[in-house]
Amino acid sequence: MSSNRPRLAVDAMGGDFGPSVVVPGALQAARNTGAKVILVGIEEEIRKTLADLSAQNEEGELFDIINATQLVEMTDKPSEVLRTKKDSSMQVACRLVRQGEADAFISAGHSGAAFACGMFILGRIPGVERPALASVIPTEKSPMLLLDVGANVECRPHHLFQFGLMGATFVKDILGYEEPRVGILSIGEEEGKGNSLVKSSYELLKQASNLNFIGNAEGRDLFTGDIDVAVCDGFVGNIALKLSEGLASSLTHLLKRELLNNGMLPKLGAMLSMKAFQNFKKMVDYAEYGGAPLLGLKGIAIVCHGKSNAKAITSAVTMANTYVVKGTQQRLVETISANEELTSYGRSV
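Residues numbered from 1 in each chain as written. Predicted model: local features only at pLDDT ≥ 70, side-chain atom pairs only at ≥ 80, totals over all residues. Heavy atoms only, no water.

The protein chain is annotated in an unreviewed UniProt entry as Phosphate acyltransferase of Mailhella massiliensis. Taken directly from UniProt, the Subunit (unreviewed entry) text for the protein chain runs: "Homodimer. Probably interacts with PlsY." Taken directly from UniProt, the Catalytic activity (unreviewed entry) text for the protein chain runs: "a fatty acyl-[ACP] + phosphate = an acyl phosphate + holo-[ACP]". (UniProt positions renumbered as here; feature names shortened; annotations may be inferred.)

Below, the structure written as C-alpha cells:
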C-alpha cells in the first residue's frame, strides 16, 4: 500500500456479539496505535453502534465503513460460505487485503470459514502447503506460541517444520524474543520419543541452521516459560489449547469458591489477596492476546475467539497493527524461501 499508516479490515459482524463488541474494540485499537480501521458489515448496524458510542471520526481519520449485506453463521459450512456468501462481511474484509486496500484482516467469526477465506482469497505464501493457526498462551515467565491449534488435524513432517520456522519468525517480531527456543510437542523429552510424525519432524527441525531448536517438549513444558514456540499437528494443538483454557477457568472458580464459602477468615484472606487474584486473571485471560494469527498466507489474517469481548478485539487489532508495522509478513516469506531445500527433502520423508 502507498500509505505507511496501517489500514486494518475488521469483520464487524463476527463473533457472538457482533458490532456491539467489535466496533468499540476496533476503535480503541485505532486510537491506541494510530492505525485506521475499516469496519466491514451491515452499514446500518455499524452506524447505530457508532451513534451509541458517540464515536467521533474527524475528517475520516479513525475509521471507514464498507457495507456487506450477508452474515456468516456458525452453522455454515466453510465451502458454502465461499460459494454462496460472497458479500458476507468476512469475505469482503478478506478481499480488501487481497486487493491491497487493507493491510490485514481480523475476524471473530466462524474460524473454519475464516481459514477457508484466507486460503482461497488471500492464498498461500509460495512454498507453504498448510498455513497454521497459532495461539499465544501465558506461561510462568513470558508468553509462548503454540501452533497449529486446529487448522490442520493431519500433518506431515515438512508441515511441522514450516510451523517451527513461521512460529519463530512471528515471536521474534511480535513478542520481541531475540532467539526463540523452538520445541516439538511429544510424549517424552528424550530424542526418539513420540510417533512417526514427531520423530521425522524432529530430524528436519534439528537440521535447520537458522532455528534454535531445543528438541522435544512435553505438555507440562508449555507453561514453564522455558520454551517460546511449540509445534504440533492441529488435532493435538487444539486439545492442548482448550485444555489450558478450561483449566485456567476452573482453577479461578475453584479458588474463588474455596475462599468465599469457608467462613470469615478465608474471606478476609481473599480480600487481602485481591491484587494477586486480579494479576492471575489477567495472566490467563485470552483477551490479553486477542486473536490467533493464520501464518503462511499471502496476507495477514487474525482469527479471534467467538466469545471475544471488546478488550480481546482491541488486542487482536493491535497485534495486526504490530504485524504490519514490523514487516513480519515479508520476513515469513523470506524464511520459507530460505529453507525450501530442507522443506523439499521433508516432503520425501
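S.K.: Outline the sheet that holds strand β11 (residues 300–304), listing residues and values.
M.R.: Across the sheet, which stays open at both edges, the 11 strands sit in the order β3-β2-β1-β4-β11-β10-β5-β6-β9-β7-β8 with mixed pairing between neighbours. Because the sheet does not close on itself, it has two edges, and the strands there are β3 (63–67) and β8 (212–217). For this sheet, the mean inter-axis angle between neighbouring strands, taken without regard to orientation, is 25°. For strand β7 (residues 181–185) and strand β9 (residues 229–231), the ladder comprises three bridges, and the chain directions are parallel. Each bridged residue has a counterpart across the sheet, and for I184 the counterpart in β9 is V231. Across the sheet, helix α11 (residues 310–326) touches β1 (7–11), β2 (36–41), β4 (104–107), β5 (132–137), β10 (291–295) and β11, and the angle it forms with β11 is around 165°. (Pairing = 2+ DSSP bridges. Helix = DSSP H or I, 4+ residues; strand = E, 2+ residues; numbered from the N terminus. Axes fitted to C-alpha atoms, helices over the stretch in contact; angles between N-to-C directions. Contact = heavy atoms within 4.5 Å.)

S.K.: Summarise unusual backbone geometry; cite the residues concerned and give the values.
M.R.: The linkage connecting L147 with the following residue, D148, adopts the cis geometry, with an omega of 5°. Take D148: it is sitting in the loop between β6 (144–147) and α6 (157–174). Even without glycine at this site, S54 takes up a positive phi of about 55°. Along the chain, S54 falls in the loop between α2 (43–53) and β3.

S.K.: So, the pattern of salt bridges: which residues are in play, and what are the values?
M.R.: Close approach of charged atoms allows side chains of opposite charge to pair. Throughout the structure, instances matching the rule amount to 17 salt bridges. Notably, a salt bridge pairs D64 with K36, separated by 3.4 Å at the nearest N-O pair. One end of the pair, D64, is in strand β3; the other, K36, is in strand β2, with 28 residues separating them in the sequence. When its relative accessible area of 24% is taken as the criterion, D64 is described as partly exposed. By relative accessible area, K36 is classed as buried at 12%. Across the pair K206 and E191 runs a salt bridge, and its minimum N-O distance is 3.0 Å. With K206 in helix α7 (residues 196–207) and E191 in the loop between β7 and α7, this residue pair connects regions lying 15 residues apart in the sequence. Look at K206 and you get partly exposed, because its relative accessible area is 43%. Among the ionic contacts, a cluster of salt bridges with common partners joins R7, K36 and D64. (Salt bridge = Lys/Arg side-chain N within 4 Å of Asp/Glu carboxyl O. Buried < 20%, exposed > 50% of the residue type's maximum accessible area, 1.4 Å probe, protein only.)

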